[in-house]
Amino acid sequence: MPSRLLGYRPSVILENGVVRTMDASLPVARALAIAGERIAGGVGTHETLLATPDRVDLGGRCVLPGFNDAHVHFPTWALAQRQVRLEGTTSLEETVARVASAVDEVQPGRWLRGTGWRSGDWSPATEPTRQDLDRVTGDTPTALMARDYHSLWLNTAALAHANGNLEVPGGVIERDPSGEPTGVLREECAWHFRDLYVRPSEDELVDASREGVRIAAARGVTAVHDKDGWLGALAVWQRLRDEGSLTLRVWQSLPAEKVKELAALDLRSGFGDDLVRVGYLKAFMDGTLGSQTARLLDGSGVQITSRETLAEIIRAGVEAQLPVAVHAIGDLANREALDAFEETRDLWHPRGLRQRIEHAQLLAPEDVGRFAELGVAASVQFSHAPSDRDLADRLWSGRTSGAYAYRSLRDTGALLANGSDAPIEELDPWAGVCAGVLRTVDERQPWHPEERLTLEEALQATTANPAWLARDEHRRGKLLPGFLADLVVLDRDPFQHPAEELPSVQVVATMLGGRWTHNPPPWD
Ligand SMILES: [Zn+2]
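Residues numbered from 1 in each chain as written. Predicted model: local features only at pLDDT ≥ 70, side-chain atom pairs only at ≥ 80, totals over all residues. Heavy atoms only, no water.

Caption draft 1: Main features of helix α4 (residues 130–137). Inspection of α4 places Arg130, Asp132, Leu133 and Thr137 among the buried residues, and these make up the whole buried set. Summarising the axial view, the buried residues of α4 lie within an arc of 155°, below the 170-degree limit, and thus occupy one face. Next to the buried residues of α4 lie α3 (92–103), β10 (112–117), β11 (142–146), β12 (151–154), α5 (156–159) and β14 (181–187). Downstream of α4 by one or two residues, glycine 138 has phi in the positive range, about 55°. (Buried < 20%, exposed > 50% of the residue type's maximum accessible area, 1.4 Å probe, protein only. Helix = DSSP H or I, 4+ residues; strand = E, 2+ residues; numbered from the N terminus. Arc of directions from axis to C-beta. Contact = heavy atoms within 4.5 Å.)

Caption draft 2: Just the pattern of salt bridges, in detail. Under the definition given, this model contains 48 salt bridges. Between glutamate 358 and arginine 356 there is a salt bridge; the shortest N-O distance is 2.6 Å. A salt bridge links arginine 407 to glutamate 457, with the shortest nitrogen-to-oxygen separation between them at 2.4 Å. A residue pair is termed long-range when its members are at least 10 positions apart, and arginine 407 in helix α15 (residues 406–411) and glutamate 457 in helix α17 (residues 455–460) qualify at 50 residues. A single burial state applies to arginine 407 and to glutamate 457, both of which are buried. Through salt bridges that share partners, Arg307, Arg315, Arg335, Asp339, Glu342, Glu343, Glu366, Asp367 and Arg370 make up one connected network. (Salt bridge = Lys/Arg side-chain N within 4 Å of Asp/Glu carboxyl O.)

Caption draft 3: Local environment of the pairing of strand β19 (residues 356–359). Two strands pair when backbone bridges link them, and strand β18 (residues 324–328) and β19 are joined in this way by four bridges, in the parallel orientation. When the bridges of β19 are listed, alanine 325 appears paired with arginine 356. The sheet contact formed by β19 and strand β20 (residues 377–380) spans three bridges and is parallel. Looking at β20, one finds that isoleucine 357 is bridged to alanine 378. (Pairing = 2+ DSSP bridges.)

Caption draft 4: The arrangement of the coordination of the zinc ion in detail. In the first shell of the zinc ion, the protein supplies His71 (NE2), His73 (NE2) and Asp421 (OD), at 2.0 to 2.2 Å from the metal. For the zinc ion, all donor residues lie on one chain, and their spacing in sequence is H-x1-H-x347-D. Taken as a pair, histidine 73 in the loop between β8 (67–72) and α2 (74–80) and aspartate 421 in the loop between β21 (416–418) and α16 (429–438) lie far apart in primary sequence, 348 residues in all. Residue histidine 73 shares its accessibility class with aspartate 421, and that shared class is buried. (Donors = N, O, S within 2.8 Å, 3.2 Å for Na, K, Ca; no water.)

Caption draft 5: Structural view of the nonpolar core. Judged by nonpolar contacts, the single largest core of 70 residues is most densely connected at Ile357, Phe371, Trp396 and Trp430. Look past the residues within four positions of phenylalanine 371 in its chain and what remains in contact with it is Asn334, Leu338, Ile357, Ala360, Leu363, Val376, Ala377, Ala378, Leu409 and Ala414. (Core = buried A, V, L, I, M, F, W, Y, C linked by side-chain atoms within 4.5 Å.)

Caption draft 6: Expanded view of the packing of helix α10 (residues 307–320) against helix α11 (residues 331–343). Viewed as axis vectors pointing N to C, α10 and α11 meet at an angle of 45°, and their least axial separation amounts to 9 Å. Taken together, the axis directions place α10 and α11 in an arrangement best described as oblique. Of the two elements, α10 crosses α11, and the hand of that crossing is right-handed. Within the contact between the two elements, α10 uses Arg307, Leu310, Ala311, Ile314 and Arg315 and α11 uses Glu336, Ala337, Asp339, Ala340, Phe341 and Glu343. Tallied by class, residues from the contact of α10 with α11 come to six nonpolar, no polar and five charged. (Axes fitted to C-alpha atoms, helices over the stretch in contact; angles between N-to-C directions. Parallel < 35°, antiparallel > 145°, perpendicular 65-115°, else oblique. Left-handed = near helix turned anticlockwise from the far one by under 90°. Nonpolar A, V, L, I, M, F, W, Y, C, P; charged D, E, K, R; others polar.)

Caption draft 7: Structural view of the layout of surface pockets. Estimates place the volume of the largest pocket at around 950 Å³. As for the largest pocket, its lining consists of 46 residues, and the residues nearest its centre are His150, Trp191, Trp230, Lys282 and Phe284. Residue assignment for the lining of the largest pocket shows that the elements contributing at least two residues are α6 (188–198), β16 (249–255), β17 (276–284), α10 and α14 (384–395). It is α6 that contributes the most residues to the lining of the largest pocket, five residues altogether. Split into classes, the residues belonging to the lining of the largest pocket amount to 16 nonpolar, 15 polar and 15 charged. Volume-wise, the second largest pocket comes out at about 550 Å³. Here the lining of the second largest pocket is composed, by residue class, of six nonpolar, three polar and five charged. (1 Å grid on protein atoms, 1.4 Å probe; cavity = no way out; pocket = protein on both sides within 12 Å on 5 of 7 lines; lining within 4 Å. Points joined across faces, edges and corners; volume = space filled by probe spheres on them.)

Caption draft 8: Representation of the sheet that holds strand β1 (residues 11–15). The four strands are arranged β5-β4-β1-β6 in an open sheet whose pairing can be described as mixed. The sheet is open, and its two borders are formed by β5 (38–41) and β6 (54–57), each paired with just one other strand. The sheet shows a mean angle of 30° between the axes of neighbouring strands, taken without regard to direction. Note: β1 against strand β4 (residues 32–35), four bridges, orientation antiparallel.

Caption draft 9: Quick peek at α11. The end-to-end C-alpha separation of α11 is 18 Å, in line with the 18 Å expected for 13 residues at 1.5 Å each. For α11, a buried count of ten out of 13 residues is recorded, marking the element as mostly surrounded by other parts of the structure. For α11, the complete set of buried residues consists of Asp331, Leu332, Ala333, Asn334, Glu336, Ala337, Leu338, Asp339, Ala340 and Phe341. (Expected span 1.5 Å × (residues − 1).)

Caption draft 10: Representation of the confidence of the model for the chain within the structure. Counting all residues, the mean pLDDT for the chain is 94, and 96% of those residues have values of 70 or more. Contacts from residues 1–8, a stretch scored under 50 in pLDDT, to residues over four places away or in other chains number eleven contacts. (pLDDT = per-residue confidence, 0-100.)

Put into structure tokens, the structure is as follows:
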């Protein structure tokens, strides 16, 4: 090792455990030596290389590269920890009762914010209306994001803020038989309303995210690909970094609409420092499964970006040296996204841009192999498969053989990256790994078991592959000499236990760049 890694910097040896490097050349070691912020070597290197290291007894525990959540709306998730949560409600009545219980805590003049409802889970089947809310909220303006963030349920007091100006291209306003808005807005209409009237302040986002990074560290997270660039996340991260409370590395999205400004400023992908970097442009092809706005080959759904417009965004991204991450859920949305990457490939491929499709949730069989052929990554969320199974079986009946097709994608050679999509699922990479391997989160049999991944593959998608997408493959995502010491300690080696036990594996501690960010040793 180069001597600059040694000397006065603190050094530590993690020993007497199972170190999974996630690199095929030396997959397992019994110890790991860390000098300063980097890994110095595996077993046998320590006595000779490190002066007076701290020794940490792993006690048979397992060390893995730190988890990288490849798709998270971090400040939104952090803020959602403080809002009325409507996940798991099974009827409209129960949902409204939860809202009612939160009304008293809202200060006069403030909004009641909430998130997590999904009318598809309710029985009897019904769609919500503003009148349902008015009964319990009265004049308190109330805005409740659907679980998938593609529908917004408002009460009458909230709707009044818009003065009837609700129409936005790419959006949907639900109306009652008399033509009046029901209180539910979808897609661009929902986001436009939220941005104009319900947007949180930067201080609120910073406060919530400061707490959020602590929760993330406790779950083994050392890196995120954030999707909240539109919300000002880049500023939030910089404030946390400057105050010293940022304990994960950020690969940041920025809205595709800003590509001209970014190009004009020469803000290219990778600009930043070791903690916060400008990453990629974010765009949307369609809506979601839950809001029934995913764009399908049968002609249903909502188009947010056309194939031609996406191709223009990709070309503009080439000019600005910024790759594109495009949200595509339905099979038509995915096909058109792939088409746009294909027709522009001669421009972006030689520039080494690491393009990606987010979600890739429903694929026509003939499109599965195109991710690998084109070199477009599938940035997916393993947890969505078991969470969405009932809804997908109902709404995509007869087509689910191409839904959440992680094994098929992997077998064609596609690069899989795993994210939580928090706050849609909990920010918990290990839960995602379990979902990828087991395809069930309850007592039921695996959903489409033919699409299960091995533990090794699920972990690759949660460590090394997201690092590659962030152009960090030579310094993160594996536990190799010279790499950053970003790691997680698990209470046992998951490879040595049956798959059914995976959900009970616990994160013990987390380290970022040689510093413990969660639960420093000793552990008993
Ligand atoms: Zn998302």
